[in-house]
Amino acid sequence: MEKSRRRFLCALGGTVIGGVPLANALAGGEYKAAGRGLAGDKWAMVIDVRKCIDRNDCKACQDACHQGHNVPKIEGVKDEIKWIWREPYKNAFPDQAHDYTEQKLLDGQLPVLCNHCEHPACVRVCPTQATFKRDDGIVLMDMHRCIGCRYCMAACPYGARSFNFKDPRPFIANIRKEFPTRSMGVVEKCNFCAERLAKGKGPLCVEACEKINCGALVFGDLGDKSSNVAQLLRKHNAIRRKPGLGTAPQVFYIV
Amino acid sequence: MYDGGKIITGLIIFLALVTFPLWYTAASGDASYTPDPETPAQGNCIESKEYMNAWHMDMLDDWRDAVVRDANRVYVATDGKEHEMSLTMTCMNCHDDKEKFCDRCHTYLGVTPYCWDCHVVPNQQGRR
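The written sequence of each chain sets the order in which its residues are numbered from 1. Chains carry letters and ligands carry numbers; both start at the beginning, A for chains and 1 for ligands, and go up in the order they are written. Only residues with pLDDT of at least 70 are given local features in this predicted model, and only at 80 or more are side-chain atom pairs given and counted; all residues enter the totals for whole chains, interfaces and linings.

Student: Give me the overall build of chain B: which residues, what numbers.
Tutor: In this text, helices come from DSSP runs of H or I with a minimum length of four residues, and strands from runs of E with a minimum of two, each type numbered from the N-terminal end. Helix and strand counts for chain B come out as six helices and two strands. The order of helices and strands in chain B, counted from the N terminus, is α-α-α-β-β-α-α-α. Our radius of gyration looks at C-alpha atoms and nothing else; its globule reference is 2.2 Å times the residue count to the power 0.38. The globule rule puts the C-alpha radius of gyration for 128 residues at 14 Å, and the 23 Å found for chain B is more than 25% above it. Across its three principal directions, the C-alpha atoms of chain B cover 75 × 35 × 35 Å. With 128 residues in all, chain B has 17% of them scored as buried. Here a residue counts as buried when 20 or more other C-beta atoms sit within 10 Å of its C-beta, as exposed when there are 12 or fewer, and as partly exposed otherwise, the C-beta atoms being derived from the backbone.

Student: So what's going on with the sheet that holds strand β2 (residues 43-48) of chain A? Residues and values would help.
Tutor: Residues and elements named next belong to chain A. One bridge is not enough; two strands pair if DSSP finds at least two bridges between them. Strand order in the open sheet made by the four strands is β9-β2-β11-β10, with mixed pairing throughout. Every other strand in the sheet has two partners, leaving β9 (217-221) and β10 (238-239) as the edge strands with one partner each. Alignment of β10 against strand β11 (residues 251-254), held across two bridges, turns out to be antiparallel. When the bridges of β11 are listed, A238 appears paired with I254. A pair of residues counts as a contact when their C-beta atoms, built from backbone coordinates, are within 7 Å of each other. Every axis in this analysis is a line fitted to C-alpha atoms, fitted for helices over the stretch in contact. Angles between the N-to-C directions lie between 0 and 180 degrees. Sitting on the sheet, helix α11 (residues 228-235) touches β2, β9, β10 and β11, and the angle it makes with β9 is about 115°.

Student: Help me get a handle on the interface of chain B and chain A, residues and values and all.
Tutor: When the parts of a complex come together, some accessible area is lost, and that lost area is often used as the size of the interface. At the interface, 29 residues of chain B touch 27 residues of chain A. Elements that contribute at least two residues to the side of chain B that touches chain A include exactly α3 (49-70), β1 (74-76), α4 (87-94) and α6 (115-118) of chain B. Here the element with the most residues in the side of chain B that touches chain A is α3 of chain B; it accounts for 11 residues. Grouping the constituent residues of the side of chain B that touches chain A by class yields 15 nonpolar, six polar and eight charged. When residues are grouped by polarity, Ala, Val, Leu, Ile, Met, Phe, Trp, Tyr, Cys and Pro land in nonpolar, Asp, Glu, Lys and Arg in charged, and all others, Gly among them, in polar.

Student: Give a description of the domain arrangement of chain B that names residues and reports values.
Tutor: Throughout the structure description, domain borders are defined by an automatic or database domain assignment. Taken as a whole, chain B is organised into domain 1 (1-28), domain 2 (47-85) and domain 3 (96-128). The gap between the C-alpha centroids of domain 1 of chain B and domain 2 of chain B is 49 Å.

Student: Talk me through helix α10 (residues 204-211) of chain A; I want residue IDs and the actual numbers.
Tutor: All names here are of chain A. Looking at α10, one finds that the buried residues are L204, C205, V206, A208 and C209. Elements that come into contact with the buried residues of α10 comprise α4 (60-68), β3 (84-88), α9 (194-197) and β9. Looking one or two residues beyond α10, the residue adopting positive phi is N213, at roughly 60°.

Student: So what's going on with the nonpolar core? Residues and values would help.
Tutor: Here a nonpolar core is just a set of buried residues of the types Ala, Val, Leu, Ile, Met, Phe, Trp, Tyr and Cys, joined wherever their C-beta atoms sit within 7 Å. M45, I47, L110, L113, C205 and L217 of chain A are the most contacted members of the largest nonpolar core, which totals 56 residues. Counting nine residues, the second-largest nonpolar core is a separate cluster that includes W63, A66, V68 and M85 of chain B.

Student: Residue-level account of the packing of α4 of chain A against α10 of chain A, with values.
Tutor: All names here are of chain A. The geometry of α4 relative to α10 is characterised by a closest axis approach of 8 Å and an angle of 140° between their N-to-C directions. Between α4 and α10, the angle is such that the two are oblique. Here the hand of the crossing between α4 and α10 comes out right-handed. Residue-level inspection shows A60, C61, A64, C65 and G68 of α4 in contact with α10, the latter providing L204, C205, E207, A208 and C209. A breakdown of the residues in the contact of α4 with α10 according to their chemical character gives eight nonpolar, one polar and one charged. Should an angle fall under 35 degrees it is taken as roughly parallel, and over 145 as roughly antiparallel, whereas 65 to 115 is taken as roughly perpendicular and any remaining angle as oblique. Two helices cross in a left-handed way if the nearer one is turned anticlockwise from the farther one by less than a right angle. They cross in a right-handed way if the turn is clockwise.

Student: Run through the pairing of β9 of chain A, naming residues and quoting values.
Tutor: Residues and elements named next belong to chain A. In terms of residue burial, β9 counts as a mostly covered element, since five of its five residues are buried. Neither face of β9 is exposed, since L217, F219 and D221 on one face and V218 and G220 on the opposite face are all buried. Across five bridges, β2 lies against β9 in antiparallel orientation. Looking at β9, one finds that V46 is bridged to V218.

Student: Could you give an account of the sheet that holds strand β1 (residues 30-32) of chain A, naming the residues involved and the relevant values?
Tutor: The three strands are arranged β1(A)-β1(B)-β2(B) in an open sheet whose pairing can be described as antiparallel. The two strands at the open ends of the sheet, each matched to only one other strand, are β1 of chain A together with β2 (82-84) of chain B. Within the sheet, the average angular offset between the axes of one strand and its neighbour, ignoring direction, is 30°. Pairing geometry for β1 of chain A and β1 of chain B, over three bridges, is antiparallel. Residue pairing across strands places Y31 of chain A opposite Y75 of chain B, the latter belonging to β1 of chain B.

Rendered as structure tokens:
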């Protein structure tokens, strides 16, 4: 267990008042990272819209993600909870559409999710540091700390965050016990499958996209120059959502 | 003392009412009641019983910070064995009946931990 001054003083109090052996409190094991986990310096995703745009009805990535993370299916734009979903091009890239943009692209729906920004606005505004950025670039939420103030939702320029206005459990068809649900009153969003990376697996959405032989979603480490995402970005011109805001998204789109 | 009888009677009634919880529990036998959580028949817990008894809540508190914030997901126990730090997948893999294990002490002590608002109780889909 963590050996802090606070814990020691608590234990000392317990010994004086309750007669609990002091050594008992200072025992306990150590923590370490899982050996088989994937490690990266800068996790990123590349979405090849050219492959995705012809399958406007495809929801493979969304279904896999939402089922795997116990995301409730609630109707209505105010209440709905989304981790990854499809958005019309003109909404996803409002500043990168013009009169001569290819019609197929304008009509198409492309997958959008949390961009795991290099300079995340949500992290800056969170009053409890419930949202934080890991060293490997993943912007993660600690649900234990979220107080539901929704400041992060106001700050996120991509609408990537959803708020649990009601208890989500009745709206989850099959609850997977391997992943927690959320409770009423917290914000949630995509976590780049941090729990799967720790077990040496890639994100669910990418896996689902590969399974249907589309391969539009590619996930990898931009810190490694030979990684699949780094190679893709070298070969193709990719755009990011709302680049003018300076958030530096780590989700890239090849259009 | 004026009205001594009334004052003393009043004081006795007052004391009797104030100490009601004490003598009532003593008389009804509830005072000697200790909760009896059912532990799995076989196997040892990851740490000693005394340790878990006193510190499981601090341990789980530390676990959640270690897993979520530091991405450390493996617990190396004092005996050197490694365990995944997970309430549902590790603890409740053996202690699979929340009502007969967790709730017995928690109800007795009047504590309501909110672990199961989110973490799933095995075999009890959607229940808390």
